[in-house]
Amino acid sequence: MSSTWHILGAGSLGSLWACRLAQAGKAVRLVLRDPQRLQAYQRAGGLTLVHNGQAQRHAIPAETADASTPIHRLLVACKAYDAPKAVARLAPRLVHNAELILLQNGLGSQDDVANQVPHARCVFASSTEGAFREADWQVNFAGHGFNWLGDPANPVPPDWLDDLADAAIPHQWTPDILTRLWRKLALNCAINPLTVLHDCRNGGLAEHHCEVATLCAELAELLHCCGQPQAAEGLQQEVERVIHATAANYSSMYQDVLHGRRTEIHYLLGHACRVASRHGRPQAHLERLYRRLVEHLNARGLPSD
Ligand code: NAD
Ligand code: KPL
């Protein structure tokens, strides 16, 4: 019998996964932050998924972390800076060998989460799906993107991948999930901070070709240093391709700063700089970019951790 999908964090990506799994007839329960959020959710009567202009409401059951039922499978869909604490609160409810799926972008939070739950299996995900919230309990989905899943400690695929297939969640199991996560981190480090500092769309970076190229060279060196040479292959070409292909878009970090939301900088550029220093190879331009971004965020009253 398939276990219930407990979903921690009913934000954009958590709601998207919850609605698709529920639509496919899977057992899903949302774990909400506190009784006030639970009441607000119950008043709304469920989560609404908007896709291709069609809105569909799903009355998915919800609870707070204080509920007592055991958890076998947990999709962690909080931001990277919230995930370890949120999981720690649920740790007493996780059965031995529970499985966690970690949807966080960047790197660093996955290990922090795994340290909270040493008896659970942590599957890492790297998602290129795009979802955003227009209102509370309502998520809009563009309908494209992909999810790579893998467990750096155990290459055996879990049996719940069938649930994802049934729910039409595009995915593939990979033994190289860390390579995928590092590659995305490098792309995000080369593009997102510069869009914030130059106050431009992704396409605006075409005018900062040399700066982008210098960062890509340092990121490639870092990837080689930390045993991820594959993630370094053709990095600059891909960064330029993404800049061109998403020229009209504002990066996710740009949008976070614009709306006064905390960014995940600590798990992106911050992680890259920490790992480079740990290897005794600090990268001057990445360090400088990090300092400029931290100053920029602090000047706007936004945290940089
Ligand atoms: P989000 O801010 O929309 O959702 C996070 C949710 O977690 C919020 O509803 C928040 O209230 C909830 N939360 C935080 N702490 C909690 C707690 N203790 N208990 C219960 N709920 C708690 O974030 P998102 O955009 O869905 O992103 C989640 C992760 O997925 C991020 O790391 C992000 O980078 C990554 N990601 C997002 C997208 C996307 O399109 N949104 C795409 C790829 C990757
Ligand atoms: O993932 C992105 C983001 O905005 O976070 C892209 C489009 C690749 C830019 O880094």
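As recorded in an unreviewed UniProt entry, the protein goes by 2-dehydropantoate 2-reductase and comes from Pseudomonas brassicae. Here is the UniProt Function (unreviewed entry) comment for the protein, exactly as written: "Catalyzes the NADPH-dependent reduction of ketopantoate into pantoic acid." The protein has a UniProt comment under Sequence similarities (unreviewed entry) that states "Belongs to the ketopantoate reductase family."

Peer 1: Go over the overall build of the protein with me, naming the residues and quoting the values.
Peer 2: A count of helices and strands for the protein gives twelve helices and twelve strands. The globule rule puts the C-alpha radius of gyration for 305 residues at 19 Å, and the 19 Å found for the protein is close to it. C-alpha extents for the protein along the principal axes are approximately 55 × 40 × 35 Å. A total of 305 residues make up the protein; the buried ones form 51% of that total. When the accessible surface of the protein is totalled, it reaches about 14,100 Å², and 49% of it is carbon and sulfur. Here the protein holds 28 positive side-chain charges and 29 negative ones, and the gap between their average locations is 5 Å.

Peer 1: Explain unusual backbone geometry to me, using residue names and the numbers behind them.
Peer 2: The backbone phi angle of Asn 97 is positive, close to 65°, even though this residue is not glycine. Topologically, Asn 97 is positioned in strand β7 (residues 94–102). The backbone of Ala 168 shows a phi angle near 55°, a positive value even though the residue is not glycine. Among the structural elements, Ala 168 can be located in the loop between α5 (161–166) and β12 (171–173).

Peer 1: So what's going on with the domain arrangement of the protein? Which residues, and what values?
Peer 2: Segmentation of the protein into domains returns domain 1 (5–175) and domain 2 (179–299). One C-alpha centre belongs to domain 1, the other to domain 2; they are set 26 Å apart. Counting from both sides, the interface comprises 18 residues of domain 1 and, opposite them, twelve residues of domain 2. Both faces combined, the contact of domain 1 with domain 2 buries some 1,500 Å², and carbon together with sulfur accounts for 60% of it. The three residues of domain 1 that bury the most area against domain 2 are Tyr 81, Asn 105 and Leu 107, which together make up 50% of that side's buried surface.

Peer 1: Help me get a handle on the environment of Pro 61, residues and values and all.
Peer 2: Structurally, the position occupied by Pro 61 is in the loop between β4 (54–58) and β5 (62–64). Take Pro 61: its relative accessible area is 39%, and that puts it in the partly exposed class. For the pair Pro 61 and Leu 30, spaced 31 residues apart in sequence, the C-alpha to C-alpha distance is 6.4 Å. Residue contacts for Pro 61: discarding those within four places in its chain leaves Val 28, Arg 29 and Leu 30.

Peer 1: Help me get a handle on the sheet that holds strand β8 (residues 121–127), residues and values and all.
Peer 2: In spatial order, the strands read β5-β2-β1-β6-β7-β8-β11-β12; together these eight strands make up an open sheet with mixed pairing. Each edge of the open sheet is held by one strand with a lone partner, namely β5 and β12. Mean inter-strand twist for the sheet, computed between neighbouring axes without regard to direction, equals 25°. Taken strand by strand, helix α3 (residues 83–90) contacts β1 (5–8), β2 (28–32), β6 (71–76) and β7, and its axis lies near 165° from that of β6.

Peer 1: Provide a residue-level description of the UniProt feature "domain: Ketopantoate reductase C-terminal" (unreviewed entry) in the protein, including the pertinent values.
Peer 2: As annotated by UniProt and renumbered to match this structure, "domain: Ketopantoate reductase C-terminal" (unreviewed entry) occupies residues 176–292. Taken end to end, residues 176–292 is 68% helix and 0% strand, and its first and last C-alpha atoms sit 32 Å apart.

Peer 1: Go over the site of ligand 1 with me, naming the residues and quoting the values.
Peer 2: Close to ligand 1 lie 24 residues; Ser 12, Leu 13, Glu 129, Ala 131 and Glu 264 are nearest. Interatomic distance of 2.9 Å between a backbone N/O atom of Ser 12 and an oxygen atom of ligand 1. The contact in question runs from an oxygen atom of ligand 1 to an N or O atom on the backbone of Leu 13, over 2.8 Å. Considering ligand 1 on its own, with 830 Å² of exposed area, one finds that the protein chains cover 84% of that surface. Every element with two or more residues in the shell around ligand 1 is listed here: α1 (12–23), β2 and β9 (131–135).

Peer 1: Before we move on, could you go through the pairing of strand β10 (residues 138–141) and cite the residues and values that matter?
Peer 2: Sheet analysis places strand β3 (residues 47–51) next to β10, joined by four bridges and oriented parallel. When the sheet's bridge partners are listed, His 51 is paired in β10 with Phe 141. Relative to β10, β9 runs antiparallel, the two being bridged by four bridges. Note on β10: the bridge partner recorded for Ala 131 is Phe 141. Counted along the chain from β9 to the antiparallel partner β10, the turn is two residues long, and its residue Trp 137 has a positive phi close to 65°.

Thresholds applied
- Residues numbered from 1 in each chain as written.
- Chains lettered and ligands numbered in written order.
- Predicted model: local features only at pLDDT ≥ 70, side-chain atom pairs only at ≥ 80, totals over all residues.
- Heavy atoms only, no water.
- UniProt positions renumbered as here; feature names shortened; annotations may be inferred.
- Helix = DSSP H or I, 4+ residues; strand = E, 2+ residues; numbered from the N terminus.
- Rg over C-alpha atoms; globule rule 2.2 N^0.38 Å.
- Buried < 20%, exposed > 50% of the residue type's maximum accessible area, 1.4 Å probe, protein only.
- Areas by Shrake-Rupley, 256 points an atom, 1.4 Å probe, with all protein chains shown as cover.
- Lys, Arg positive; Asp, Glu negative; His and termini not counted.
- Charge placed at Lys NZ, Arg CZ, Asp CG, Glu CD.
- Domains from an automatic or database assignment.
- Contact = heavy atoms within 4.5 Å.
- Buried area = accessible area lost by both parts, 1.4 Å probe.
- Pairing = 2+ DSSP bridges.
- Axes fitted to C-alpha atoms, helices over the stretch in contact; angles between N-to-C directions.
- Near = heavy atom within 4 Å.
- Polar contact = N/O pair within 3.5 Å; in protein donor to acceptor, adjacent residues only side chain to side chain.

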